[in-house]
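Tertiary structure, described
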Amino acid sequence: QVVVCPPFGGGGRAKQRCRARKMPSLRASLRPLRASLLPLPPPLLLPGLGAATWPRHAATFSSSSSAYAAAAAARGTEGRSLFDRLPASVRVVDVSPRDGLQNEKMMVDTKTKLALIAKLRAAGVSSIEAAAFVSPKAVPQMADARAVLEGAFSAEADDSGSEAARFAALVPNLRGLELAAAAGVREATILAAATETMSRRNTNCSLQDSLDRACAVISAANTRGIRTRGAIVVSMVCPYEGDVPEANLVRIAERLYSEGCDELLICDTIGKATPAKTRRVLEAVRAAGIPTSALALHLHDTYGQALANMLVGLQEGVATVDAAAGGLGGCPFAGPSASGNLATEDLVYMLDGLGVHSGIDVQKLAETGAWICGVLGRPSGSRAGAALVAASTSTTHVVPAGAAMQAPPSLRSRWGTPTDGGGVRSGPLVGIRVVELGNFIAGPFCATSLGYYGADVIKVETLGKGDPIRYWRSLCADGQSAWSRSLLRNKRSITVNLKHPDGLAVVRKLVEGADVVVENFRPGVLEKFGLGPDDVRASNPGLIYARISGYGQTGPYRSRPGFASATEGEGGFRFVNGFAGQAPVRPNLSLGDSLAGMQAAFGVVMALYNRTKTGKGQVVDMALYEAVFNMMEGVIPDYSSLGHIRQPSGTTVSGIVPTNTHVCLWARRCLRNSRPGRDWADTQDM
């Protein structure tokens, strides 16, 4: 059997539309379609309707299996009945600039918010909830609402080549609406709650008073020609009252809709709803006469149900949905472990797979989500986004066209990428992009260390040559040094001629989009190219700039070339390494470089942590000699307090328990130590 539903009836505008159309009888209108209809299971087509309800809402008739097969084959849709009710296109409203950021502890400046909006627009997002006109004392993160919207509108005016954007703002009261209107807002989000307790906790007034306030804002907005979205928080589950009866939600929705609200947002504020609950709620609202075209979904992902709930909403015909890049946001009432909003990347990835048009480039969106999460110092909340970014960074590298740069296959790094076992980059620095400018050891070692923990490292090398470390010491069959396998792992590489305008433009673009720059040129070199910290701070205020040199960026020795061979001596290590009365011994390692790279990486991590509180970047100034000096243990306090100069002691360590290297019976060397309180002779052989 085939079951076909006419539009559900109802009160208000729905009745007026039905009467105006004067639709022909149902059976007459269905007659021409009999040959091409596909059979759908009644529970999917009429969810929640019992047998006694069907005669009033549906027409049923038989269709032979052969006719069905022929129709399905002709339409090419056999086996797709589960998703036949999906909308052809969906309006995705990204709420990350407002709902995603408003509860962040780290203050995000206006420029970063505008950069986020610009990146969302570049990814094809045309509907963005950009700000909230609320008390700056209650929500300081939204204190720059007007500046954000004015900046967004200004940028939009300068970009005539893309689809016009719709920027919405949250307005809790009439005062907020006035401020939003003054900023040019043409779409406003109004809040209401589905339970008494939530209303009092969230707005400090009764449910009825909150509803009256929302309706007053709707009326004023209609007068001004501002479109309204009525967000009904805790529509499904309340953190204080538990499961919300559908009747409660319906009563709120009916009132808002009757007052002229253009769109009703069904909000799973604490992310606890299930697909079954989502379906019951949508059925109840629709049965009250509110058309599906007036409904939208705003879902949180605390219990991992948001995407499943959204799919149910799409199957029920909902064609407007909220989400946040990187899964940002979250309800403060949902508990300390609560996740944020449904990630826009996960949503768009699913829509693409279902063939539902959103107009959004999911790869660009994933990069945007990773970027803003990196600014906030947190991993992305989007599984699809993290996978897309990881796949991009592990299989491709940046190769702009032109003579200014190239990236031959021999310069591609292919050794080691930290993953979670499924090919997805993992670690605490996932989402952090590092641009490495430098050669040899200290700078590359710093960037490699960051890459070990998930950072995406892009290494910039000299055009036609690459990093000399590729050809130092023993070479492998591919012509690359074995050493380079250690220092170049977890990275993508490009070669650039910084003296060419196009090459310089490429590097500048990389730096402006990075979280961290690591460089080990002589002080002042990058400033000559306009790539110093002060040169890029205006375009990237959150940038961490790690600078490694022989003697630091300031001071009398700043212009000297820095080599580990010299700084290991100046830092004090060479003097105590060797035998008394003999020349100092150099270890067969570039110890000073590695120490500086390691300590610079630690400084970067501290600066990233500081950025989560301030939103601002910092310069990490690391000198090789200081890194060596820092490891001298008690040598300095021994001298400053006691006047004692520690001397070289060969293979032993002076002043503590006896320790040395000895020849054993098999003529092999081994280490032998004694524990405090025991005689040397009492220590058993190893």
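All figures in this text were calculated on a predicted structure; none of them were measured in a lab. (Residues numbered from 1 in each chain as written. Predicted model: local features only at pLDDT ≥ 70, side-chain atom pairs only at ≥ 80, totals over all residues. Heavy atoms only, no water.)

**Observations regarding the confidence of the model for the protein chain**
Looking at the protein chain, pLDDT values average 80 and 78% of them are 70 or higher. The low-confidence segment residues 676-686, where pLDDT is below 50, has twelve contacts with residues more than four positions distant or belonging to other chains. (pLDDT = per-residue confidence, 0-100. Contact = heavy atoms within 4.5 Å.)

**Some thoughts on unusual backbone geometry**
One non-glycine residue, Val-234, lies in the positive phi region at around 45 degrees. Unlike most non-glycine residues, Glu-633 shows phi in positive territory, near 50 degrees. Within the element layout of this structure, Glu-633 appears in the loop between α26 (624-630) and α27 (635-642). Residue classification places Glu-633 among the exposed positions, given a relative accessible area of 68%. (Helix = DSSP H or I, 4+ residues; strand = E, 2+ residues; numbered from the N terminus. Buried < 20%, exposed > 50% of the residue type's maximum accessible area, 1.4 Å probe, protein only.)

**Digging into the sheet that holds strand β5 (residues 166-170)**
Read around the closed barrel, eight strands run β3-β4-β5-β6-β7-β10-β11-β12, paired in parallel fashion. Each adjacent strand pair in this sheet contributes to an overall mean axis angle of 25 degrees, direction not counted. Where β5 meets strand β6 (residues 187-193), three bridges bridge the pair, whose relative direction is parallel. In the sheet register, Ala-169 faces β6, and the bridge partner there is Ala-188. (Pairing = 2+ DSSP bridges. Axes fitted to C-alpha atoms, helices over the stretch in contact; angles between N-to-C directions.)

**As for the pattern of salt bridges**
Counted by the stated rule, this structure contains 34 salt bridges. Arg-227 is paired through a salt bridge with Glu-187; the nearest N and O atoms lie 3.0 Å apart. Taken together, the residues Arg-227 in strand β7 (residues 227-233) and Glu-187 in strand β6 connect sequence positions 40 residues apart. Arg-227 sits in the partly exposed class, given a relative accessible area of 25%. (Salt bridge = Lys/Arg side-chain N within 4 Å of Asp/Glu carboxyl O.)

**As for the nonpolar core**
Among the nonpolar cores identified, the biggest contains 93 residues, and Phe-133, Leu-149, Leu-256 and Leu-347 are the most heavily contacted of them. Ranked by the residues each element gives to this core, the list is headed by helix α16 (residues 362-376), at nine residues. Beyond its immediate stretch of four places on either side in the chain, Leu-347 contacts Val-92, Leu-307, Met-310, Val-321, Ala-323 and Leu-342. (Core = buried A, V, L, I, M, F, W, Y, C linked by side-chain atoms within 4.5 Å.)

**Some remarks on the packing of aromatic side chains**
Within the structure shown, the criterion is met by five aromatic pairs. Ring geometry for Phe-153 versus Phe-167: centroids 5.5 Å apart, planes at 80 degrees, classification edge-to-face. Taken together, the residues span a long stretch of sequence, with Phe-153 in helix α8 (residues 145-158) and Phe-167 in strand β5 at a distance of 14 residues. The exposure class of Phe-153 is partly exposed, given its relative accessible area of 26%. For Phe-167, a relative accessible area of 4% translates into the label buried. What links up through ring pairs into an aromatic cluster is the set Phe-440, Trp-472 and Trp-483. Directly above the ring of Trp-371 sits Lys-119, whose terminal nitrogen or CZ lies 4.9 Å from the centroid. Taking NZ or CZ as reference, Arg-201 lies 4.5 Å from the ring centre of Tyr-240, over its face. (Phe/Tyr/Trp six-rings, centres within 6.5 Å; stacked < 30°, edge-to-face > 60°. Lys NZ or Arg CZ within 6 Å of the ring centre and 35° of its normal.)

**A few points about the packing of helix α15 (residues 344-354) against α16**
A packed helix pair is summarised by two numbers, namely the angle formed by the two axes and the spacing between the axes. At their nearest, the axes of α15 and α16 sit 9 Å apart, and the two run at 165 degrees to each other. It follows that α15 is roughly antiparallel to α16 by the angle criterion. Crossing angle aside, the handedness with which α15 passes α16 is left-handed. Listed contacts from α16 to Thr-344, Glu-345, Val-348, Tyr-349 and Asp-352 of α15 are Val-362, Leu-365, Ala-366 and Gly-369. (Parallel < 35°, antiparallel > 145°, perpendicular 65-115°, else oblique. Left-handed = near helix turned anticlockwise from the far one by under 90°.)

**Details of empty space enclosed by the protein**
Considering all chains together, one arrives at three cavities of 30 Å³ or more under this definition. Roughly 70 Å³ of internal volume is contained in the largest cavity. When the residues that make up the lining of the largest cavity are grouped by side-chain class, the tally is six nonpolar, three polar and one charged. (1 Å grid on protein atoms, 1.4 Å probe; cavity = no way out; pocket = protein on both sides within 12 Å on 5 of 7 lines; lining within 4 Å. Points joined across faces, edges and corners; volume = space filled by probe spheres on them. Nonpolar A, V, L, I, M, F, W, Y, C, P; charged D, E, K, R; others polar.)

**Description of the environment of Glu-345**
Among the secondary structure elements, Glu-345 is positioned in helix α15. Accessibility expressed as a relative area gives 0% for Glu-345, which makes it buried. In this structure, the C-alpha to C-alpha distance between Glu-345 and Leu-365, residues 20 residues apart in sequence, is 6.2 Å. Apart from the residues lying within four places of it in its own chain, the contact partners of Glu-345 are Ala-324, Ala-325, Gly-326, Gly-327, Val-362, Leu-365, Ala-366, Gly-369, Ser-380, Ser-382, Ala-384 and Gly-385.

**Topic: the side chain of Ser-96**
In this fold, Ser-96 is placed in helix α6 (residues 96-100). Classification of Ser-96 as buried rests on a relative accessible area of 0%. If sequence neighbours within four positions are ignored, Ser-96 has contacts with Leu-101, Leu-116, Leu-120, Ala-323, Ala-324, Ala-325 and Leu-328.

**Observations regarding helix α14 (residues 306-315)**
In an α-helix, one turn spans 3.6 residues, which is why side chains three or four residues apart end up on the same side. For α14, the tally of buried residues reaches seven of ten residues, placing the bulk of the element in the interior. Among the residues of α14, Ala-306, Asn-309, Met-310, Val-312, Gly-313, Leu-314 and Gln-315 are the ones counted as buried. At its buried positions, α14 is contacted by β10 (263-268), α13 (275-287), β11 (295-299), β12 (320-323) and α15. Directly after α14, the chain includes Gly-317, whose backbone phi takes a positive value near 100 degrees.

**Let's talk about the pairing of β12**
Judged by which residues are buried, β12 turns out to be covered on both faces: Thr-320 and Asp-322 on one side and Val-321 and Ala-323 on the other are all buried. Of the pairings in the sheet, the one linking β11 to β12 comprises two bridges and is parallel in character. Each bridged residue has a counterpart across the sheet, and for His-298 the counterpart in β12 is Asp-322. For the crossover that starts at β11, traverses α14 and ends in the parallel β12, the hand is right-handed. (Right-handed = clockwise from strand over helix to strand, strands pointing away.)

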